[in-house]
Amino acid sequence: MQQGPRPNFNRGRNPNFRREQQQEHRTNRMIRVPEVRLVGDNVEPGVYRTDEALRMAEDQALDLVEISPNAAPPVCRIIDYNKFLYEKKKKEKEMKANAHKSEVKEIRFTPNTDDHDFDFKAKHAEKFLKEGNKVKTYVQFKGRAIMFKERGELILLKFAERLAEVGALEGMPLMEGKRMIAIFAPKSAKKKDKPAKEPREGGEGGGAPRPQQPAGDQQPPVRRPIEIKYAKPPGDKPAGSSN
C-alpha cells in the first residue's frame, strides 16, 4: 500500500519566528504595525507609515529598529543595528567594570607583631582602602596573651595613625571574644576639593574679600571727582597766562 505524502507541519509558519526570538529588538520586516514614530538625528521626528519608514531606512542603507514596542505607535530609529548592539554591549561591560562592590577585607595581628610585619600589612590595608573596600583589623589573643590587651589596643591605634590619609577609624577598638577589632572605612577623595570652592564663593560676596574690594573700589571713585575738579584749571589758564 502506497503511503501518501507526509503532511508539512511547517507550512504557514513565519520563517522569521525563530530569528525574532533570538533578536532583542524587532527590525525591518519584523515590524508589522501600520505606523511607527521615528526619532533620531538622521530623520525628521514624527509618525510615519511603516512601509515609508522602511523605504527611508533602505535609502540610507540602515535598519529600522523598534526601540519602544509598547508605545502607541511604537518608537523606531533608523540606525545600523549591528553597530547599535556592539555599542550597547560595550556600555554594559563598562558599567559592570565601574560598578565596584565594596568588600570587607580582614587583616590579622598578634600582640607580638613586629615592625616589618606591621608595615607589610599596612601597605595591603592602604591598597584595600584606595580601592573602596573596608578593612577589618583585629588582634588575636591566644592563651595567656589575653593579658596584653593594652598592647593590642596600641597596635590598632598605631595602625589607625598609619592609615589616616586613606582610611577613617569607625570606632575605638572593641573586644569580641578573644579578638580586639577595629574597622576602617575609605575616605572620599571629593572632600579635598571643597576648600578650593569655598574661597571662590567667599570671593564673590564673602566676608574675607570685603576689606580688599572697598580699598580697590574706593580709589577709582575718589580719583574721578578729583579729575573733574582739576578739569576747571584749563578754563583758568588764560588768567594764569595773563599774569
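See above for the structure.
Residues numbered from 1 in each chain as written. Predicted model: local features only at pLDDT ≥ 70, side-chain atom pairs only at ≥ 80, totals over all residues. Heavy atoms only, no water.

Trainee: It is not clear to me how the environment of Pro 45 should be interpreted in this structure. Could you clarify?
Mentor: Mapped onto the fold, Pro 45 is located in the loop between β1 (35–39) and β2 (46–49). With 32 residues separating them in the primary sequence, Pro 45 and Arg 77 have C-alpha atoms 9.6 Å apart. (Helix = DSSP H or I, 4+ residues; strand = E, 2+ residues; numbered from the N terminus.)

Trainee: Any chance you could explain the nonpolar core here in plain terms?
Mentor: Counting residues in each nonpolar core, the largest one holds 20 residues, and the members touching the most others are Ile 107, Phe 109, Val 135, Phe 159, Leu 163 and Phe 184. Looking at this core, the elements that each hand over two or more residues are β5 (104–109), α4 (115–130), β6 (134–140), α5 (149–162) and β9 (179–186). Top element by residues in this core is α4. It accounts for five residues. Within the second largest apolar cluster, twelve residues are counted, among which are Val 36, Val 43, Ala 57 and Leu 64. (Core = buried A, V, L, I, M, F, W, Y, C linked by side-chain atoms within 4.5 Å. Buried < 20%, exposed > 50% of the residue type's maximum accessible area, 1.4 Å probe, protein only.)

Trainee: Hey, could you run me through the pattern of salt bridges in this one?
Mentor: Any two side chains of opposite charge can pair, given that their charged atoms come close. Under the counting rule described, the total for this entry stands at ten salt bridges. Asp 119 is paired through a salt bridge with Arg 162; the nearest N and O atoms lie 2.9 Å apart. With a gap of 43 residues between them, Asp 119 in helix α4 and Arg 162 in helix α5 connect regions that are remote in the sequence. With a relative accessible area of 34%, Asp 119 lands in the partly exposed category. Accessibility expressed as a relative area gives 32% for Arg 162, which makes it partly exposed. Across the pair Glu 126 and Arg 162 runs a salt bridge, and its minimum N-O distance is 3.7 Å. Here Glu 126 is found in helix α4, whereas its partner Arg 162 is found in helix α5, with 36 residues between them in sequence. (Salt bridge = Lys/Arg side-chain N within 4 Å of Asp/Glu carboxyl O.)

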